[in-house]
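Residues per chain are reported as follows:
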Amino acid sequence: GDRKSSKIPAAHARKIVKNALLAPIGMRDEIFLQICKQTHQHPNVLHCIEGWNLMVICLHAFPPSKNIRVSEYLRKAIQGSSSPEIK
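Below you will find a few notes about this structure. (Residues numbered from 1 in each chain as written. Predicted model: local features only at pLDDT ≥ 70, side-chain atom pairs only at ≥ 80, totals over all residues. Heavy atoms only, no water.)

Quick look at the overall build of the chain
Under the convention used in this document: Starting at the N terminus, helices and strands are each numbered in turn, a helix being any DSSP run of H or I of at least four residues and a strand any DSSP run of E of at least two. The reference for a compact globule is 2.2 Å times residues^0.38; the radius of gyration itself is calculated from the C-alpha atoms. The rule is simple: take the accessible area with a 1.4 Å probe, protein chains only, and divide by the maximum for that residue type; under 20% is buried, over 50% is exposed, in between is partly exposed. Contacts between residues were defined by any pair of non-hydrogen atoms, one from each residue, lying within 4.5 Å. Computed with a 1.4 Å probe, the accessible areas rest on the Shrake-Rupley method; for each residue, only the protein chains presented here act as cover. This count recognises Lys and Arg as positive and Asp and Glu as negative, with His and chain-terminal groups excluded. A charged residue contributes its charge at one atom only: NZ of Lys, CZ of Arg, CG of Asp or CD of Glu.
The secondary structure content of the chain amounts to four helices and zero strands. Counting from the amino terminus, helix and strand elements in the chain follow one another as α-α-α-α. Compactness check: the chain gives a C-alpha radius of gyration of 13 Å against a globular reference of 12 Å for 87 residues, within 12% of the reference. Principal-axis analysis of the C-alpha atoms places the extent of the chain at approximately 30 × 30 × 20 Å. Considering the chain as a whole, with its 87 residues, one finds that 29% of them fall into the buried category. Across the chain, the fraction of contacts at a sequence separation of at least 24, relative to all contacts at a separation of at least 6, is 62%. For the chain, the computed accessible surface area is about 6,400 Å², with 59% contributed by carbon and sulfur atoms. On the chain, the mean spot of the 13 positive side-chain charges and the mean spot of the 6 negative ones are 6 Å from each other.

Okay, here's the thing in C-alpha cells:
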C-alpha cells in the first residue's frame, strides 16, 4: 500500500528530479520503470494520477535512455493504463 508522508507531492518530485539529474542514465531509466510499476493497476485513481504527473515531470526534466526496452516499456505502460485521464 501507499505510505503516509508529511511532505507534499511536489517536494517528493523535486527530490526525485534533483537526485536523478546527478545519477547515471541507468538510474534515470529505473525511475521511469518504477513509476510505471507503481501506477500499473493501482487501486487508488488519485494516487495513480499523481504517479503519472510525476512521470510527466521526469520526462520534462530528463529523457529516458535510448535503450529500446525502456522506451517500449514506457509506451506499453501508457497504452495499457486503465485510467482515462492518462490516455
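Remarks on the pattern of salt bridges
The criterion, for reference: Put simply, a salt bridge is a Lys or Arg side-chain nitrogen that is within 4 Å of an Asp or Glu carboxyl oxygen.
All told, the structure shown has one salt bridge when counted by the stated rule. Its salt-bridge partner being E72, residue R75 comes within 2.4 Å of it at the nearest N-O pair. Placement of both R75 and E72 in helix α4 (residues 68-79) is noted, with a separation of three residues, approximately one turn of the helix.

Some details on the layout of surface pockets
Under the convention used in this document: Residues are called lining when one of their atoms sits within 4 Å of a cavity or pocket point, these points coming from a 1 Å grid over the protein atoms alone, where a cavity is a set in which a 1.4 Å probe fits but cannot get out and a pocket is an open set with protein on both sides within 12 Å along at least five of seven lines. Grid points are joined across faces, edges and corners, and a volume is the space filled by probe spheres set on the points. For this classification, the nonpolar set comprises Ala, Val, Leu, Ile, Met, Phe, Trp, Tyr, Cys and Pro, the charged set comprises Asp, Glu, Lys and Arg, and every other residue, Gly included, is treated as polar.
Put simply, the largest pocket is a space of about 1,000 Å³. Together, 25 residues line the largest pocket, and D2, H12, Q38, E50 and L54 are the ones closest to its centre. Elements represented by at least two residues in the lining of the largest pocket include exactly α1 (9-22), α2 (25-39) and α3 (45-61). Taken together, the residues of the lining of the largest pocket break down into nine nonpolar, 10 polar and six charged.

So, the nonpolar core
Across soluble globular proteins, you tend to see nonpolar side chains buried next to one another. Heads up, the rule is: Working definition of a nonpolar core: buried Ala, Val, Leu, Ile, Met, Phe, Trp, Tyr and Cys residues. They are joined through side-chain atoms within 4.5 Å.
Within the largest apolar cluster, 16 residues are counted, with the highest numbers of intra-cluster contacts made by I31, F32, I35, M55, C58, F62 and L74. Per-element tally for this core: the top contributor is α3, with five residues. The contacts of M55, once residues within four sequence positions are left out, are F32, I35, C36 and L74.

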